[in-house]
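The chain contents come next:
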Amino acid sequence: MILTLSCPDQPGIVARVSTFLFERGCNILDAQQFDDQETGVFFMRVVFDLKGDGGDLETLRAEFAPMAQGFSMRWSIRDPKIKRKVMILASQQDHCLADLLYRWRRGELPMELSAVVSNHARDTYAHLDLADVPFHHLPVTRATKLEQEAAIWKLIQDTGTDLVVLARYMQVLSDGLAAKLEERCINIHHSFLPGFKGAKPYHQAHVRGVKVIGATAHYVTADLDEGPIIEQDVERISHRDTPRDLIRKGRDIERRVLARAVRWRLEDRVLLNGSKTIVFTD
């Protein structure tokens, strides 16, 4: 089982949580905590075995609730064997989609793929194996954006999707949909934010003679590319690198940054801390 919590910091939280689990015969396998002294908020993630007199998961949650209320906790206890349902949104660039599908099939991402949605037709991905993938083509224009997003939202609800991943989905979500997906939607940005915005970011970087390129995975919010950052990575480049080289290297960074962010989210390692995140990496 995985317990995550955040609450105003005060003495005794770790002791109370540990004692609660001990009294129910639970064995703690891993524990991480962080006290943000700037905000006065305490964060914790505990992995434990539910056995002995621990009872079932629903009983454990019910018994934990009064203590959590006493500490004003925002908390969750989840069985990691129950995989979260993930929907991937993609556009013409498919390198992140291909990588996520590969990791999903290899069992590296503990998730159930609820759907792949694209504003491009299925034959755009002719070189990808989509045989066992529930694929939905939902084209969009400026005039049909609200209708297309309504169809996406209905699909999210019908499939019971827990997490939406924008795998280089080249459409800006409306404020309404972004609000509905608060803390449930991860985007990969083709830059080490803040950075070069708009068209051809790698060309802009090349013109400016940058020495580092990167990528950023973040939660989607109504403020474009301003959501809480989950993961970032960079790679050094030199004057020998052309825009084509930057694009190639950038794709590699985007793939690995997005994959790490998605996996950490699926493993309950990401806790929101205002406009930032606490990430208990493995």
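About the criteria used
Residues numbered from 1 in each chain as written. Predicted model: local features only at pLDDT ≥ 70, side-chain atom pairs only at ≥ 80, totals over all residues. Heavy atoms only, no water. Salt bridge = Lys/Arg side-chain N within 4 Å of Asp/Glu carboxyl O. Helix = DSSP H or I, 4+ residues; strand = E, 2+ residues; numbered from the N terminus. Buried < 20%, exposed > 50% of the residue type's maximum accessible area, 1.4 Å probe, protein only. Axes fitted to C-alpha atoms, helices over the stretch in contact; angles between N-to-C directions. Parallel < 35°, antiparallel > 145°, perpendicular 65-115°, else oblique. Left-handed = near helix turned anticlockwise from the far one by under 90°. Contact = heavy atoms within 4.5 Å. Nonpolar A, V, L, I, M, F, W, Y, C, P; charged D, E, K, R; others polar. Phe/Tyr/Trp six-rings, centres within 6.5 Å; stacked < 30°, edge-to-face > 60°. Pairing = 2+ DSSP bridges. Expected span 1.5 Å × (residues − 1).

**Q** Can you help me understand the pattern of salt bridges in this one?
**A** As a working rule, side chains carrying opposite charge can pair if their charged atoms are close by. In total, this model carries 23 salt bridges according to the counting rule given. With its nearest N and O atoms 2.6 Å apart, the salt bridge here joins aspartate 268 to arginine 78. Of this pair, aspartate 268 sits in the loop between α7 (243–266) and β12 (270–273) while arginine 78 sits in strand β4 (residues 74–78); the two residues are 190 residues apart in sequence, bridging distant segments of the chain. Take aspartate 268 and arginine 78: they sit in the same class, and that class is buried. Taking the shortest distance from any N to any O, the salt bridge between arginine 248 and aspartate 245 comes out at 3.5 Å. Linking arginine 248 with aspartate 245, this pair stays in helix α7, spanning three residues, or about one helical turn. Relative accessible area serves as the criterion here: at 46%, arginine 248 is assigned to the partly exposed category. Through salt bridges with shared partners, one network takes in Glu231, Asp233, Glu235, Arg256 and Arg260.

**Q** For this particular structure, what's the right way to read the packing of helix α1 (residues 13–23) against helix α2 (residues 57–70)?
**A** Describing two packed helices takes the angle between their axes plus the distance from one axis to the other. Two numbers describe how α1 lies on α2: the axes approach to 12 Å, and their chain directions differ by 155 degrees. Taken together, the axes of α1 and α2 lie roughly antiparallel to each other. Handedness of the α1/α2 crossing: right-handed. Contact with α1, carried on its side by Arg16, Val17 and Phe20, involves Leu60, Glu63, Phe64 and Met67 of α2 and no other residues of that element. When its residues are assigned to classes, the contact of α1 with α2 shows five nonpolar, no polar and two charged.

**Q** What is the right way to look at the packing of aromatic side chains in this model?
**A** Aromatic rings in a pair are described by how distant their centres are and how their planes are angled relative to each other. This structure, assessed with the given rule, holds three aromatic pairs. Taking 5.9 Å as the distance between ring centres and 65 degrees as the angle between the ring planes, the aromatic pair formed by tyrosine 125 and phenylalanine 135 counts as edge-to-face. With tyrosine 125 in the loop between β6 (111–118) and β7 (135–137) and phenylalanine 135 in strand β7, this residue pair connects regions lying 10 residues apart in the sequence. A relative accessible area of 1% places tyrosine 125 in the buried class. You can call phenylalanine 135 buried: its relative accessible area is 14%. Three or more aromatic residues link up through ring pairs in this structure, and these residues are Phe20, Phe64 and Trp75.

**Q** Teacher, can you tell me more about the sheet that holds strand β1 (residues 2–8) here?
**A** Working definition: the strands of a sheet are paired by backbone hydrogen bonds and lie parallel or antiparallel to each other. One open sheet holds the four strands; their spatial order is β2-β3-β1-β4, and the pairing between them is antiparallel. The open sheet has two edge strands with one neighbour each: β2 (27–36) and β4. The average angle at which neighbouring strand axes cross in this sheet is 10 degrees, direction not considered. Relative to strand β3 (residues 41–49), β2 runs antiparallel, the two being bridged by nine bridges. Looking at β3, one finds that glutamine 32 is bridged to arginine 45.

**Q** Help me out: how do you make sense of α7 in this one?
**A** Given 3.6 residues per turn, any residue in an α-helix points the same way as the ones three and four places further on. Taking 1.5 Å of rise per residue, the 24 residues of α7 would be expected to cover 34 Å, and the 34 Å separating its terminal C-alpha atoms lies within 8% of that figure. Immediately beyond the C-terminal end of α7, within one or two residues, lies aspartate 268, with a positive phi of roughly 60 degrees.

**Q** What exactly am I supposed to notice about the environment of leucine 155 here?
**A** Secondary-structure assignment places leucine 155 in helix α4 (residues 145–159). For leucine 155, a relative accessible area of 13% puts it in the buried group. As for leucine 155 and glutamate 38, which are separated by 117 residues in sequence, their C-alpha atoms are 40 Å apart. Setting aside its immediate chain neighbours within four residues, leucine 155 contacts Met87, Ala115, Val117 and His136.

**Q** Explain unusual backbone geometry here, please?
**A** What you tend to see is this: most non-glycine residues have negative phi, and most peptide bonds are trans. The phi dihedral of serine 72 is positive, around 55 degrees, even though this residue is not glycine. By the secondary structure assignment, serine 72 is in the loop between α2 and β4. If you check the backbone angles, glutamate 183 has positive phi at about 65 degrees while not being a glycine. Structurally, the position occupied by glutamate 183 is in the loop between α5 (175–180) and β9 (185–189).

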